[in-house]
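Chain by chain, the residues run as shown.
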Amino acid sequence: MSMDRRQFLKIAGISSLLGLGATAASATHNIWVKGINPPEVEPNPVTLKAEHWAMVVDMSKFKTEEDIQKSVSACHTTHNVPDFGNIKDEIKWIWKAKYENAFPDQENPYMEEKIKEMPFIVLCNHCENPPCVRVCPTKATFKRKQDGIVMMDMHRCIGCRFCMAACPYGARSFNFREPRPFIKNENKEYPTRTRGVVEKCTFCTERLAVGKLPACVEAAPKGGLIFGDLADKHSEVRKIVETRYTIRRKAELGTGPSVYYLIGGNEHA
Amino acid sequence: MLEKALVGSKKYWAWVLFLGALAMSGVYYYLQQFNYGLGITGLSRDVSWGLYIGQFTFLVGVAASAVMLVIPHYLHDYKKFSKIVILGEFLAIAAVIMCILFIFVDMGQPMRITNVILHPTPNSVLFWDSMVLTGYLVLNLMIGWVTLSADRKGVPPPKWIKPFIYISVPWAVSIHTVTAFLYAGLPGRHFWLSAVMAARFLASAFAGGPALLILLALIVRKLTKFDPGKEQIQTLGVIVTYAMIANIFLLGLEFFTAFYSNIPGHMESFKYLYAGLDGHRELVPLMWVSSVFAAVSLIMLLIPKIRRNEVTLSLACIMLFISLWIDKGFGLVIGGFVPNMLNQVRTYWPTRQESIIALGVWAIGFLVLTFLYKIAVSVRERNIGIEIDH
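Residues numbered from 1 in each chain as written. Chains lettered and ligands numbered in written order. Predicted model: local features only at pLDDT ≥ 70, side-chain atom pairs only at ≥ 80, totals over all residues.

Focus on the overall build of chain A
Threshold: Each helix is a run of DSSP H or I of at least 4 residues and each strand a run of E of at least 2, with the numbering of both proceeding from the N terminus. Buried residues are those with 20 or more other C-beta atoms within 10 Å of their own C-beta, exposed residues have 12 or fewer, and partly exposed residues lie in between; C-beta atoms are placed from the backbone. Distance between backbone-placed C-beta atoms decides contact: two residues are in contact if it is within 7 Å.
Along the backbone of chain A there are 10 helices and 10 strands. By the burial criterion, 40% of the 269 residues in chain A qualify as buried. Sequence-distant contacts, at least 24 apart, represent 64% of the contacts inside chain A between residues at least 6 apart.

Written as structure tokens, this is what we have:
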């Protein structure tokens, strides 16, 4: 049977009208009133869950420069963080900072150069009261209710960079230009970003979801980066934070950082 | 009334063409930025706001300053302002349009701008800022248009507009207060974390805006048959003087708190701006130009003889405007980012493309201002000799 354009449109129009009517009649509830029920999803049994994810950093476990670099590049390769090779466009999720930069108010004039320059791993602190979330005009950055991870919705971010002005840790980076040509080996399992959006560490939510620890933790020397549930009294992070001397970056600002730095480490404990 | 902007002398069209060309070159470079990303600017992860946001902040002040004509005229019944209050309202319209454009060109994902409305977030100051700015634009468009239309017909403006005029007074204060809150509520940015930030913003706005208005009024008088009036300009001069005193006083308070407390975080940005930090002195010459211009212009304004002479008054206004433009349109924003959150000095300087885009936005703003003033002046020229009671 041949059909001309006019006929086709007629039939298509009528059938779509009928179709609409049919769904409306057969629907068990009105979606405008009750909303759409979320699809039933079985929770993944291997997913790592917590009430408050936190990290303890023990720099004494990182013996060499290479140890630190391993964690940094594990994160950056996993998450397709581009390397532009210049400071102006730089994007980083986790990096090495000198003691005097990580803890700017802690130095004293008699401190040895060696201590001032001591390396520290720094990353997003996944604050309990994150200023970046407070200032975001679109809720593109938000604190996940179930476990306190501060996350980013790259598809909603308008690139106003208010969060970058608000973060007291310089943890956020902006895609000042197209990042994709600067990703050396793209990890197809993780999305790349577009220019014009802000990004940062996510405590590896995508890995936690499948039962893996964050990439930096996995790549770190044993006990260098300890990851766990701070709300759980029996977790390792909680025990360390309770019994050992730890400091947090700029805790005086009331942000409630969830990354703790263990001072003294093994040798002096 | 719009048709009045479409008739004019050769000079008028040459000016419009000139601004149009500037605007187009801005658009040209903006398209480059749109395709390449904000990497075309001098911004970085350390100094993530720069010239654009600085201009935005400064122009919110210019917009708010219309209230310095509205208050004397409508609240204190200062009749002399009745013929120039429209110049303030139209300046506010042009300024808010520039503000919106500067926010737009600063965005990494401008196509997603509606997300601010689609996902309203009351805890974000930026959300409120976009609300109050839009509201202020609507208010001024409405008030300006209704009062001018009435003037054209030679009748007093309708009564229903009065409540909107009264609302516009606190509204003007709100736009600059909310803009100050963008900065003044961020933990860890000591330079901005100041309770007098909003007050300082308002003071500098009420000095800079009317100073620009004096210059515009003098230009209007020179180019058209409409005379905004000698006394009106003098009253504006007094307003500028008082506001500038308040502004310098408030800046002094910032210096006192930072340096008497001797807290490093509070002093470092000031040091970077006015003396240099860790060998970086990029902004020092500019900030000193700003300081010297501020001092000299204030002294000139304070001496009645100099203030009453329109030539020296306009000179003082030019210096004052440049001073505040540097201080608020540049130093204030950059200073907050240096040193960065890891106490490192990472500097910023706008690129050529970025500067031309900014110039283009100013050109668009002045194009709007030119059209609006042309309309207002045409109505005024027709009404010369007729006094209309508002």
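The rest of the description comes next.
A word on the overall build of chain B
The test is simple: In this description the radius of gyration comes from C-alpha coordinates, and the expected globular size is given by 2.2 Å times residues to the power 0.38.
Assigned secondary structure in chain B consists of 14 helices and 0 strands. Against the 2.2 N^0.38 benchmark of 21 Å for 390 residues, chain B shows a C-alpha radius of gyration of 21 Å, consistent with a compact globule. Its C-alpha atoms give chain B principal-axis dimensions of about 65 × 50 × 40 Å. The proportion of buried residues among the 390 residues of chain B is 48%. Once local pairs closer than 6 in sequence are excluded, the contacts in chain B between residues at least 24 apart make up 79%.

Observations concerning the packing of helix α11 (residues 284–302) of chain B against helix α13 (residues 310–337) of chain B
Residues and elements named next belong to chain B. Selection rule: The angle between two axes is taken between their N-to-C directions and runs from 0 to 180 degrees, where each axis is a line fitted to C-alpha atoms and a helix contributes only its stretch in contact. Left-handed describes a crossing whose near helix is turned anticlockwise from the far helix through less than a right angle; right-handed describes the clockwise counterpart. Gly is placed with the polar residues, together with every amino acid not listed as nonpolar (Ala, Val, Leu, Ile, Met, Phe, Trp, Tyr, Cys and Pro) or charged (Asp, Glu, Lys and Arg).
The N-to-C vectors of α11 and α13 enclose an angle of 145°; their axes lie 8 Å apart at closest approach. Between α11 and α13 lies a crossing whose hand is left-handed. In this structure, α11 contributes L286, M287, V289, S290, F293, A294, V296, S297, M300 and L301 to the contact, and α13 contributes T312, A316, M319, L320, I322, S323, I326, D327, F330 and G331. Its residues assigned to classes, the contact of α11 with α13 comprises 14 nonpolar, 5 polar and 1 charged.

Looking at the pairing of strand β10 (residues 259–262) of chain A
Residue and element names in this part refer to chain A. How we decide: What makes two strands pair is DSSP finding at least two bridges between them.
Residues V259 and Y261 point to one face of β10 and Y260 and L262 to the other, with burial holding for every one of them. Strand direction decides the pairing type here: strand β1 (residues 53–57) and β10, joined by 3 bridges, are parallel. Within the sheet, the bridge partner assigned to M55 lies in β10 and is V259. In this sheet, β10 lies alongside strand β9 (residues 246–247) in antiparallel orientation, the contact comprising 2 bridges. Paired with I247 across the two strands is Y261, which belongs to β10.

Examining the packing of helix α3 (residues 67–75) of chain B against helix α7 (residues 161–184) of chain B
All names here are of chain B. Relative orientation of the contacting elements α3 and α7 amounts to 140°, with a least axis distance of 10 Å. Crossing geometry of α3 relative to α7 is assigned as left-handed. Seen from α3, the contacting residues are V67, V70, I71 and Y74; seen from α7, they are I165, S168, V169, A172 and V173. Of the residues in the contact of α3 with α7, the class split is 8 nonpolar, 1 polar and no charged.

Considerations on the sheet that holds β1 of chain A
Residues and elements named next belong to chain A. If you walk across this open sheet you meet the 4 strands as β8-β1-β10-β9, and the pairing is mixed. Taken across any chain shown, the strands that pair with only one partner, and hence form the sheet edges, are β8 (225–229) and β9. Docked against the sheet, helix α10 (residues 236–243) engages β1, β8, β9 and β10, running at close to 105° with respect to β8.

Structural notes on the domain arrangement of chain A
Many descriptions give the size of an interface as the accessible area lost when the pieces come together. To keep things clear, this is the line we draw: The source of the domain bounds is an automatic or database domain assignment.
For chain A, the assigned domains read domain 1 (5–34) and domain 2 (53–262). For domain 1 of chain A and domain 2 of chain A, the distance between their C-alpha centres works out to 50 Å.

Concerning helix α4 (residues 85–106) of chain B
In an α-helix, one turn spans 3.6 residues; hence positions three or four apart end up facing the same way. Spelled out, the test is: Every helix has an expected span of 1.5 Å times one less than the residues it contains.
The terminal C-alpha atoms of α4 of chain B, which comprises 22 residues, lie 32 Å apart, in line with the 32 Å expected from a rise of 1.5 Å per residue. Taken across its 22 residues, α4 of chain B has 20 buried, putting it largely inside the fold.

Quick notes on the interface of chain A and chain B
With 42 residues of chain A at the contact, the number on the chain B side is 33 residues. Secondary structure elements with two or more residues in the side of chain A that touches chain B: α4 (99–102), α6 (131–135), α7 (162–166) and β6 (173–174) of chain A. In terms of residue count, α7 of chain A provides more of the side of chain A that touches chain B than any other element does, 4 residues in total. Residues of the side of chain A that touches chain B, tallied by class, amount to 22 nonpolar, 9 polar and 11 charged.

Notes on the confidence of the model for chain A
As a reminder of what qualifies: Residue-level confidence of the predictor is summarised by pLDDT, bounded by 0 at the bottom and 100 at the top.
For chain A, per-residue confidence averages 88 on the pLDDT scale, and 87% of positions sit at 70 or higher. Note on residues 21–27 of chain A: pLDDT is under 50 here. Beyond four places in sequence and across chains, it has 0 contacts.

A look at unusual backbone geometry
It is generally the case that most residues other than glycine have a negative phi and that most peptide bonds are trans. Looking along the chain, the bond that leaves V338 of chain B and enters P339 of chain B is cis, with omega of -5°. With respect to the secondary-structure elements, P339 of chain B resides in the loop between α13 and α14 (352–382). In this model, C204 of chain A sits at a positive phi of 55°, which is unusual for a non-glycine residue. As for its position among the elements, C204 of chain A is in the loop between β7 (198–199) and α8 (205–208).

Some remarks on the environment of I91 of chain A
All names here are of chain A. Along the chain, I91 falls in the loop between α3 (65–78) and β2 (94–98). We classify I91 as buried; it has 22 C-beta atoms within 10 Å. Along the chain, I91 and F174 lie 83 residues apart, while their C-alpha atoms are 6.7 Å from each other. The residues contacting I91, other than those within four sequence positions of it, are V81, P82, S173, N175, P179 and E199.

Thoughts on the environment of S73 of chain A
Residues and elements named next belong to chain A. Following the sequence through the fold, S73 ends up in helix α3. Take S73: there are 16 C-beta atoms within 10 Å of it, and that puts it in the partly exposed class. Residues S73 and K222, spaced 149 residues apart in sequence, show a C-alpha to C-alpha distance of 17 Å.

Considering the confidence of the model for chain B
All names here are of chain B. Summary statistics for chain B give a mean pLDDT of 94 and a share of 98% for residues scoring 70 or more. The weakest mean pLDDT in chain B belongs to α3 at 92; the strongest belongs to α11 at 97. In the predicted assembly, ipTM is 0.91 and pTM is 0.90.

Considering the environment of G208 of chain B
Residue and element names in this part refer to chain B. Assignment of secondary structure puts G208 in helix α8 (residues 197–223). Distance from G208 to S323, taken between C-alpha atoms, is 9.0 Å for residues 115 residues apart in sequence. Every residue in contact with G208, bar those within four places of it in the chain, is listed here: G61, V62, S65, L320, F321 and L324.

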